[in-house]
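Descriptive analysis of the structure
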Amino acid sequence: MQNSRGNRGWLPSTLAFKDPDPELYRLSPAIAEDDYISKPRLHSGFDLSLDIPADDPDYLAGNIMLVPNQWPDWLPGFRGDVMAYYDAVMALGNRLFRAFAVALDLSENFFVDRAKKPTSQLRLLHYPPNDLPMDQKHLGISAHSDFECFTILNQRSAGLQVMNSADEWVEAPPLEGTFIVNIGDLMEGWTNGRFKATQHRVVNTGLERYSLPMFFAVDYDTVVEPLPQFVTAERPAGYSRIVAGEHLAGFSIQDTKHLRKRVMNGELKINFPIHAESPFKRKAVNEFKG
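Owing to the predicted nature of the structure, the values given are computational and were not obtained by experimental measurement.

Considerations on the overall build of the chain
- Counting its secondary structure elements, the chain contains seven helices and twelve strands.
- Here the C-alpha atoms of the chain give a radius of gyration of 19 Å, agreeing with the 19 Å that 2.2 N^0.38 yields for 290 residues.
- Projected onto its principal axes, the C-alpha positions of the chain cover 60 × 50 × 40 Å.
- Within the chain, the fraction of its 290 residues that count as buried is 49%.
- If you take every contact in the chain between residues at least 6 apart in sequence, the share linking residues at least 24 apart comes to 76%.
- Here the chain holds 30 positive side-chain charges and 37 negative ones, and the gap between their average locations is 2 Å.

Section: the sheet that holds strand β4 (residues 139–144)
- Read from one edge to the other, the open sheet built from four strands follows the order β4-β9-β6-β7, with strand pairing classed as antiparallel. The strands lining the two open edges of the sheet, one partner per strand, are β4 and β7 (169–171). Sheet twist, expressed as the average angle between the axes of neighbouring strands with direction ignored, equals 30°.
- Here strand β6 (residues 160–163) runs beside strand β9 (residues 200–203); their pairing, made up of three bridges, is antiparallel. Counted as the bridge partner of Gln161 is Arg201 from β9.

Focus: the nonpolar core
- Ranked by size, the top nonpolar core spans 35 residues in total, and within it Leu48, Phe97 and Phe111 carry the most contacts.
- Discounting chain neighbours no more than four positions away, the residues touching Phe97 are Phe111, Val112, Ala115, Cys149, Phe150, Phe216, Ala217 and Val218.
- Counting residues in each nonpolar core, the second largest holds eleven residues, with Tyr220, Phe251, Leu259 and Leu268 among its members.

Quick word on the pairing of β6
- Judged by which residues are buried, β6 turns out to be covered on both faces: Leu160 and Val162 on one side and Gln161 and Met163 on the other are all buried.
- Both β6 and β7 contribute to a ladder of three bridges, which runs antiparallel. Looking across to β7, one finds that Gln161 is bridged to Glu171.
- The turn joining β6 and β7, which pair antiparallel and follow one another in sequence, is formed by five residues; a positive phi near 60° is taken by Asp167.

Regarding empty space enclosed by the protein
- All chains considered together, the criterion is met by one cavity of 30 Å³ or more.
- By volume, the largest cavity is sized at about 60 Å³.
- Looking at the largest cavity, it is lined by 13 residues, and the ones nearest its centre are Tyr127, Val203, Asn204, Thr205 and Leu207.
- Broken down by class, the residue content of the lining of the largest cavity amounts to seven nonpolar, five polar and one charged.

The rules we used
- Residues numbered from 1 in each chain as written.
- Predicted model: local features only at pLDDT ≥ 70, side-chain atom pairs only at ≥ 80, totals over all residues.
- Heavy atoms only, no water.
- Helix = DSSP H or I, 4+ residues; strand = E, 2+ residues; numbered from the N terminus.
- Rg over C-alpha atoms; globule rule 2.2 N^0.38 Å.
- Buried < 20%, exposed > 50% of the residue type's maximum accessible area, 1.4 Å probe, protein only.
- Contact = heavy atoms within 4.5 Å.
- Lys, Arg positive; Asp, Glu negative; His and termini not counted.
- Charge placed at Lys NZ, Arg CZ, Asp CG, Glu CD.
- Pairing = 2+ DSSP bridges.
- Axes fitted to C-alpha atoms, helices over the stretch in contact; angles between N-to-C directions.
- Core = buried A, V, L, I, M, F, W, Y, C linked by side-chain atoms within 4.5 Å.
- 1 Å grid on protein atoms, 1.4 Å probe; cavity = no way out; pocket = protein on both sides within 12 Å on 5 of 7 lines; lining within 4 Å.
- Points joined across faces, edges and corners; volume = space filled by probe spheres on them.
- Nonpolar A, V, L, I, M, F, W, Y, C, P; charged D, E, K, R; others polar.

Put into structure tokens, the structure is as follows:
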């Protein structure tokens, strides 16, 4: 990923650095052993999105959310198989976009018309087996809501917890033949909180886990703010104006070391905030459920 002008490519788990492997340092020298000591990352991931060409005007203009994917040339068929899955889930997501629109009494294409060149991302996640404890300090992925409109998650084993309407952590186990769909930040903002962004996390079971979240976004410059039909005297607008791509980019920089370095050294100039914490975050009443 450090070779990307955005956040496309492979990010290794820091579990490997309990017993550092020189080959892993060669593959990802941006990761230091200190990363494991301070905050272990219990998953590795491969991030991708639209297959942007190198001459794409948004990429050439410096948009960090619309950048080429990085594909391993030593895995025959990998790119074709992954993009076939990406395209199939994108088609499903567009059907869900239409369903959301109808449910919210909007025109059926309200969201689809705002997703012509979306910054939707797919992550291929692997949680290696480990002998670390199941506690608050050793989460597979810490608590958060997704930054986009909604997420379609394909998961193969236990570990996912979601926060219910009573702000309690509950298990969300895999069910054969199903996806999990989580609401994202932008849908909460558009509906003035009628749909709440799903707070979720992955606890460390110590067992191997695979999951494939697909994050459904809209076009980068789409403005998101409470729609008039969700704003009343009894329920005034409770959300600020958001530019969809900037919201996502602010979190991407915060979570990606090489992008933070580019901002710090002046190579990457931005006109939006880097997010330290999500304004959509909620705290559970049962903070750890092991």
